[in-house]
Amino acid sequence: QVQLVESGGGLVQAGGSLRLSCAASGGTFSCYNMGWFRQAPGKEREFVGWITLSGGSTYYAGTVKGRFTISRDNAKNTMYLQMNTLKPEDTAVYYCAARKSDYGISDSGDDYAYWGQGTQVTVSS
């Protein structure tokens, strides 16, 4: 069992940047593949990207590729989402999620067992 807490959300103008953090506790962080997801009001949860156990591989949704960067610091039990060139369409609640390495990597939220509470990102035009 691992607990996840997101932070770093807020209000930013279009073209600006934010860095989100996901702090993990209660488990061995390096044993989890990690993902970022987001959900806008009235819409379904959307995949953002994932990162493997030691950060060796990352993968991004086409809507954010080239603008967002996922990283992790296993010594600090923390995953990050650096968001640059933000657009109003990026407005959503952002969630981090964890998946045991035994089950591989995935871009489907249904495959992640552990979730944070979310942090709101609002991008104004």
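Residues numbered from 1 in each chain as written. Predicted model: local features only at pLDDT ≥ 70, side-chain atom pairs only at ≥ 80, totals over all residues. Heavy atoms only, no water.

Student: So, the nonpolar core: which residues are in play, and what are the values?
Tutor: Membership of the largest hydrophobic core comes to 35 residues, with the highest contact counts inside it found for Leu4, Met34, Trp36, Met79, Leu81, Met83 and Tyr94. Broken down by element, the residue count for this core peaks at 5 residues, all from strand β9 (residues 92–100). Ignoring any residue separated from it by four or fewer positions in sequence, one finds Leu4 in contact with Cys22, Ala23, Ala24, Met34, Cys96, Ala97, Ala98, Tyr114, Trp115, Gly116 and Gln117. (Core = buried A, V, L, I, M, F, W, Y, C linked by side-chain atoms within 4.5 Å. Buried < 20%, exposed > 50% of the residue type's maximum accessible area, 1.4 Å probe, protein only. Helix = DSSP H or I, 4+ residues; strand = E, 2+ residues; numbered from the N terminus. Contact = heavy atoms within 4.5 Å.)

Student: Could you give an account of the state of the cysteines, naming the residues involved and the relevant values?
Tutor: By the definition in use, this model includes 1 disulfide. The residue that forms a disulfide with Cys22 is Cys96, at a sulfur-sulfur distance of 2.1 Å. Here the disulfide of Cys22 and Cys96 is right-handed, its torsion about the S-S bond being about 65°. In this pair, Cys22 sits in strand β3 (residues 18–25) while Cys96 sits in strand β9, placing the two residues 74 residues apart along the sequence. We classify Cys96 as buried; its relative accessible area is 0%. (Disulfide = S-S within 2.5 Å.)

Student: With reference to specific residues and values, describe the side chain of Arg38.
Tutor: Looking at where Arg38 falls in the secondary structure, it is placed in strand β4 (residues 32–39). At 2.9 Å, the side chain of Arg38 and the side chain of Asp90 are in polar contact. A distance of 2.9 Å separates a polar atom in the side chain of Arg38 from a polar atom in the side chain of Tyr94. If we skip the residues at most four places from it in the chain, Arg38 touches Glu44, Arg45, Glu46, Val48, Thr63, Val64, Phe68, Glu89, Asp90, Ala92, Val93 and Tyr94. (Polar contact = N/O pair within 3.5 Å; in protein donor to acceptor, adjacent residues only side chain to side chain.)

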